[in-house]
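The chain contents come next:
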Amino acid sequence: MDHPIFQKLDGLPIIICRPHRKPSAEAIQIQKTIQDWPGIVQQVEEAEIPYKIDQALTGLPIYSDGLMCCHDSPRCHYISRTIKSMREHWRQIHGWSQNPCRGRVTREQWIQGETELRQSYILVNCQQIFPTRKGSHYIHVRGGETEPYIPVQTEQVDEAIAAVQKAVEYLQDFTTPEDFNLLLALVETLLPDSNDPVEQGVRRIWEAIERVVRKSQWTVQHTGQAIRVEAVQSEKGQTPYRPLQAYIDADSVVKHVQPWQQIVVFIARTQLAQEGKRPVYGMTPRQRKKWRQLWQTAQAAQTAQTVQAVEAVQAV
């Protein structure tokens, strides 16, 4: 069924017309001839056009600017190539709008709207068989999906610059190689078998963080969509539409969780250690309260283990 003008799509009972310069009458005559090809539907209603494919359909252009809706995923398959059409889809089908209230929005409302927008679509490759009417939807060509790029507003850039400037001021007394080595030591991994009470408490927090991350990964992998949608919230009051996904395999958890463990190590060693040069920084009242609660829990666990060890020795 090879033809210089018409081509059958692989896996579908549909033929497409290649670009040509033949007169219309001749092209129509050729069309009537190929309609006798076996396995070709005569009406579009008879064909089942897929929403997702693993391999691009030969003969059709591939568009890399597809926007795929993430609301009600994976049941919604809608793909658009303009954000205007996507916003209209969200409003009509999902009853959602980035800024539901008219008029001026507060900074918190703007941040929440931007966050929800980022979670509402991804960029995909797509193809289209029919330009209009039934079966004209864009088909997702799997592979190459990326998160949308949303420009950062000037206000956010200014805040980031201010944060860097504060960090420079914070470390202004640390200028020598010895100072840099001290800073590295503050975030070093745990000291093995240390009798220092600070290091012992840090070890318990370090290990607890890893356990939390492993349990989180297990939860994402073994629970339903409703729980994972709730878990993906980064701020109170958000309404996410794409569930949390497990991106890290079990063997990679240790590597990815280490930066968070080092942050806690830094806080513990700078807040509790009394000797040596330490960066001076402060906490908000809420942060200090939470830190004290965490440290008291680590000390309580340490005390319980000590009691158990003493009882075990006495039993012997």
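About the criteria used
Residues numbered from 1 in each chain as written. Predicted model: local features only at pLDDT ≥ 70, side-chain atom pairs only at ≥ 80, totals over all residues. Heavy atoms only, no water. Helix = DSSP H or I, 4+ residues; strand = E, 2+ residues; numbered from the N terminus. Contact = heavy atoms within 4.5 Å. Areas by Shrake-Rupley, 256 points an atom, 1.4 Å probe, with all protein chains shown as cover. Pairing = 2+ DSSP bridges. Core = buried A, V, L, I, M, F, W, Y, C linked by side-chain atoms within 4.5 Å. Buried < 20%, exposed > 50% of the residue type's maximum accessible area, 1.4 Å probe, protein only. Expected span 1.5 Å × (residues − 1). Phe/Tyr/Trp six-rings, centres within 6.5 Å; stacked < 30°, edge-to-face > 60°. Axes fitted to C-alpha atoms, helices over the stretch in contact; angles between N-to-C directions. Polar contact = N/O pair within 3.5 Å; in protein donor to acceptor, adjacent residues only side chain to side chain.

Chemist: How should the overall build of the protein chain be read in this particular structure?
Modeler: The helix and strand tally for the protein chain stands at nine helices and seven strands. In the protein chain, the proportion of contacts linking residues at least 24 apart, taken out of those at least 6 apart, comes to 64%. Put simply, the protein chain shows about 21,400 Å² of open surface, and 54% of that area lies on carbon and sulfur atoms.

Chemist: Which parts of the structure should I look at to understand the pairing of strand E7 (residues 139-146)?
Modeler: Consecutive side chains of a regular strand alternate in pointing toward one face of the sheet and then the other. With two bridges connecting them, strand E3 (residues 52-53) and E7 associate as parallel partners. Bridged to Lys 52 within E7 is His 140. Sheet analysis places strand E6 (residues 121-127) next to E7, joined by four bridges and oriented antiparallel. Its bridge partner being in E7, Cys 126 is matched across the sheet by His 140.

Chemist: Help me understand the nonpolar core in this model?
Modeler: In this structure, Val 202, Ile 205, Trp 291 and Trp 295 are the most contacted members of the largest nonpolar core, which totals 14 residues. A total of five residues in this core trace back to one element, the largest contributor, which is helix H6 (residues 197-222). Ignoring anything within four residues of it in the chain, the contact list for Ile 205 reads Val 264, Trp 291, Leu 294, Trp 295 and Ala 298. Formed by twelve residues, the second largest nonpolar core is a distinct cluster that contains Ile 14, Leu 60, Ile 139 and Val 141.

Chemist: I'm lost on H6 in this one. Help?
Modeler: The periodicity of an α-helix, 3.6 residues per turn, causes residues three or four positions apart to be oriented the same way. With 26 residues, H6 extends 38 Å between its outermost C-alpha atoms, agreeing within 8% with the 38 Å of an ideal straight helix rising 1.5 Å per residue. For H6, the full list of buried residues reads Val 198, Glu 199, Gly 201, Val 202, Arg 204, Ile 205, Trp 206, Ile 209, Gln 217 and Val 220.

Chemist: What is the right way to look at unusual backbone geometry in this model?
Modeler: With the exception of glycine, the majority of residues adopt a negative phi angle, and the majority of peptide bonds are in the trans configuration. Phi angles above zero are rare outside glycine, and Arg 133 is one such case at about 65°. Mapped onto the secondary structure, Arg 133 falls in the loop between E6 and E7. Taking the relative accessible area as the measure of exposure, Arg 133 reaches 78% and is therefore exposed.

Chemist: How do you make sense of the packing of aromatic side chains when you look at a structure like this?
Modeler: The geometry of an aromatic ring pair is captured by two quantities: the separation of the ring centres and the angle between the planes. By the definition in use, this model includes four aromatic pairs. Seen from their ring centres, Trp 90 and Tyr 121 are 6.1 Å apart, and the 40° between their planes marks the pair as tilted. Separated by 31 residues along the polypeptide, Trp 90 in helix H2 (residues 83-94) and Tyr 121 in strand E6 bring together distant segments of the chain. With respect to burial, Trp 90 and Tyr 121 carry one shared label: buried.

Chemist: What is the right way to read the sheet that holds E7 from this model?
Modeler: As a general point, the strands of a sheet are linked pairwise by backbone hydrogen bonds and lie either parallel or antiparallel. Judged by pairing direction, the sheet is mixed, and its five strands sit side by side in the order E3-E7-E6-E4-E5 without closing on themselves. The open sheet terminates on both sides in strands that have one partner only, identified here as E3 and strand E5 (79-80). Docked against the sheet, H2 engages strand E4 (63-69), E5 and E6, running at close to 20° with respect to E4.

Chemist: Help me out: how do you make sense of the side chain of Gln 127 in this one?
Modeler: Position of Gln 127 among the secondary structure elements: in strand E6. When its relative accessible area of 0% is taken as the criterion, Gln 127 is described as buried. Within the structure, the side chain of Gln 127 is placed 2.7 Å from the backbone nitrogen of Leu 57, a separation counted as a polar contact. In contact with Gln 127, other than residues within four places in its own chain, are Ile 53, Ala 56, Leu 57, Leu 60, Pro 61, Ile 62, Tyr 63, His 137, Tyr 138, Ile 139 and Val 141.

Chemist: Looking at this model, I keep getting lost on helix H3 (residues 107-118). Mind explaining?
Modeler: Here H3 is twelve residues long and its end C-alpha atoms lie 17 Å apart, about the 16 Å a rise of 1.5 Å per residue gives. Of all the positions in H3, only Trp 110, Gly 113, Glu 114, Thr 115, Glu 116 and Leu 117 are classed as buried.

Chemist: So what exactly am I meant to see when it comes to the environment of Phe 130 here?
Modeler: By the element assignment, Phe 130 lies in the loop between E6 and E7. The sequence separation of Phe 130 and Ile 49 amounts to 81 residues, and the corresponding C-alpha distance is 9.8 Å.

Chemist: Which parts of the structure should I look at to understand the pairing of E6?
Modeler: In terms of residue burial, E6 counts as a mostly covered element, since five of its seven residues are buried. With five bridges joining them, E4 and E6 adopt antiparallel strand pairing. Each residue of the ladder has a partner; that of Tyr 63, found in E6, is Cys 126.

The values are spatial; any link to function lies outside them.
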